[in-house]
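The primary structure of each chain is shown beneath.
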Amino acid sequence: MNTFEQVIGQQEARQRLSQMVDEGRLPHAVMLCGPSGVGKMALAIGLAKLLLCEKVEGGMFSEGPEYVESAMLRKLEHPDLHFTYPTIKLPSMSSDHKPVSDDFAQEWHELVMAGYYFTMTEWLEMMGGENQQAIITAGESDSLIRKLSLKSSQGGYKVSIIWLPERMNIECANKILKLLEEPPQQTVFIMVCEEPDRLLETIRSRVQRIDVKRISDADIEQALCRQRGVDEETARRTARMANGSWLKALEMLNANSENELFLDLFQSLMRLAYQRKVKELKAWSERLAAMGREKQKRFLEYLLRLVRENFMYNFQQAELCYMTQREEDFARNFARFVNEQNILPISDLTNRAIRDIGQNANAKIVFFDMALQMIVLLIQK
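Residues numbered from 1 in each chain as written. Predicted model: local features only at pLDDT ≥ 70, side-chain atom pairs only at ≥ 80, totals over all residues. Heavy atoms only, no water.

Some points on the pairing of strand β5 (residues 158–163)
Extensive coverage of β5 is indicated by the burial of six of its six residues. In β5, alternate side chains face the same way, and those of Lys158, Ser160 and Ile162 on one face and Val159, Ile161 and Trp163 on the other are all buried. Here strand β4 (residues 81–84) pairs with β5 via four bridges, running parallel. Residue phenylalanine 83 lies in a different strand from β5, and its bridge partner there is isoleucine 161. Pairing of β5 with strand β6 (residues 187–193) involves six bridges; the strand directions are parallel. Among the inter-strand pairings, isoleucine 161 is bridged to a residue of β6, identified as isoleucine 190. (Buried < 20%, exposed > 50% of the residue type's maximum accessible area, 1.4 Å probe, protein only. Helix = DSSP H or I, 4+ residues; strand = E, 2+ residues; numbered from the N terminus. Pairing = 2+ DSSP bridges.)

Points about the sheet that holds β6
Taken together, five strands build an open sheet; the order of strands is β4-β5-β6-β1-β7 and the sheet is parallel. Only two strands of the sheet have a single partner each, and these edge strands are β4 and β7 (208–211). Neighbouring strand axes in the sheet, compared pairwise and without regard to direction, differ in orientation by 20 degrees on average. (Axes fitted to C-alpha atoms, helices over the stretch in contact; angles between N-to-C directions.)

Observations regarding the pattern of salt bridges
On inspection of all chains with the given rule, the structure shows 22 salt bridges. Arginine 206 is paired through a salt bridge with glutamate 181; the nearest N and O atoms lie 3.2 Å apart. Highlighted residues: arginine 206 in the loop between α8 (201–204) and β7 and glutamate 181 in helix α7 (residues 170–181), separated in sequence by 25 residues. Its relative accessible area of 31% is what places arginine 206 among the partly exposed residues. Overall, glutamate 181 belongs to the partly exposed group, its relative accessible area being 41%. (Salt bridge = Lys/Arg side-chain N within 4 Å of Asp/Glu carboxyl O.)

Structural notes on the nonpolar core
Among the nonpolar cores identified, the biggest contains 62 residues, and Trp108, Ile161, Trp163 and Trp246 are the most heavily contacted of them. Here this core takes ten residues from helix α2 (residues 40–52), the largest share from any one element. For tryptophan 163, the contacting residues outside a window of four places in its chain are Met41, Thr84, Tyr85, Pro86, Trp108, Phe118, Thr119, Met120, Trp123, Ile136 and Val192. Met270, Leu300, Val307 and Met323 belong to the second-largest nonpolar core, a separate cluster that totals 43 residues. (Core = buried A, V, L, I, M, F, W, Y, C linked by side-chain atoms within 4.5 Å. Contact = heavy atoms within 4.5 Å.)

Let's talk about the side chain of aspartate 80
Relative to the helices and strands, aspartate 80 is located in the loop between α3 (71–74) and β4. Within the buried core, aspartate 80 has no salt-bridge partner, and the shortest N-O distance to an opposite charge, that of lysine 158, equals 7.2 Å. Beyond its immediate stretch of four places on either side in the chain, aspartate 80 contacts Leu52, Ser152, Ser153, Gln154, Tyr157, Lys158 and Val159. (Lys, Arg positive; Asp, Glu negative; His and termini not counted.)

A few points about unusual backbone geometry
Here the phi dihedral of asparagine 243 falls at roughly 55 degrees; this positive angle occurs in a residue that is not glycine. With respect to the element layout, asparagine 243 can be found in the loop between α10 (232–242) and α11 (246–253). For arginine 276, which is not glycine, the phi dihedral falls at a positive 55 degrees. Residue position: arginine 276 is located in the loop between α12 (257–274) and α13 (278–289).

What to know about the packing of helix α14 (residues 293–314) against helix α16 (residues 343–358)
With their axes 9 Å apart at the nearest point, α14 and α16 run at an angle of 170 degrees to one another. Viewed along their axes, α14 and α16 adopt a mutual orientation that is roughly antiparallel. Mapping the contact onto sequence places Arg293, Gln296, Lys297, Leu300, Glu301, Leu303, Leu304, Val307, Arg308 and Phe311 in α14 and Ile343, Ile346, Ser347, Thr350, Asn351, Ala353, Ile354, Ile357 and Gly358 in α16. When the residues that make up the contact of α14 with α16 are grouped by side-chain class, the tally is ten nonpolar, five polar and four charged. (Parallel < 35°, antiparallel > 145°, perpendicular 65-115°, else oblique. Nonpolar A, V, L, I, M, F, W, Y, C, P; charged D, E, K, R; others polar.)

As structure tokens, then:
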């Protein structure tokens, strides 16, 4: 049985996790770190299955045939497997209720069973809160402490998978810290993290960090051909553009309309800033402000990427450029305005906007200020 069968590529990470279990060196808390779409959740679930699968004959834990995946485990309904994830507060909830993962257990199960690769956007849509910011509350830490205080129902490990622990509020983080300092017997915590720097240093020091690298182009290309029936040329081009992310590969394959919208917004910003049309830039910022915060952050990340691509295009480094045809068409005329004088200030400006939006700053002010500063940055030679 291969518990990592849904993982695309990542042979090194698979082998390392399996070896840690085989040799009895698995710590009580592991944190899988890496960008979105590289398979951290798939690896986490694979590791959990490895720890919880049924042993039918003697020997150490391994991916060998002596371990059988039960029907409960296959459906991710094992009583000793606990998922923790960011949630939102629905209008139907009382004012003093702290949302917990159990409030959205059905939606979560549906999402994960559809595939172990998914985004926060998809999860927000499942919960019905596209315009909210999902967090992990103190109520969730209390719930998890209660669950893990119980004995294992199967007599083996209890496994707690925490998706995006960086979204814990401070009260929750402090309670989870105490849990990590004094873990219940035979309990393994697996954290799936994209922004480890946002976690408390004390939490980071109590987990074993494993950095999950981007998926190789060859592995993505092979998976596109095998799983999606894509022809070799399309698979090759898509894998190169995906930059190591399976989610990005699927997004491009599905011709995601959001990217088209983001490109239109990017083009409008740059054209209006160059033309110094302040009134139109104000309208542009109000259009962005009307979107949900998660979508606003995705646009800013897209802007960062496209600025970088235009900078490389400007220096005629075609082999380092990863753009769609539409993006490249715009870059032919625009790229010359992104140079060594303004590439870093533009990046800093965008990163500040991402930080401010994440801290619930007024979106109209953030985007209008950014647009006005872009006027100055684009005229730097």
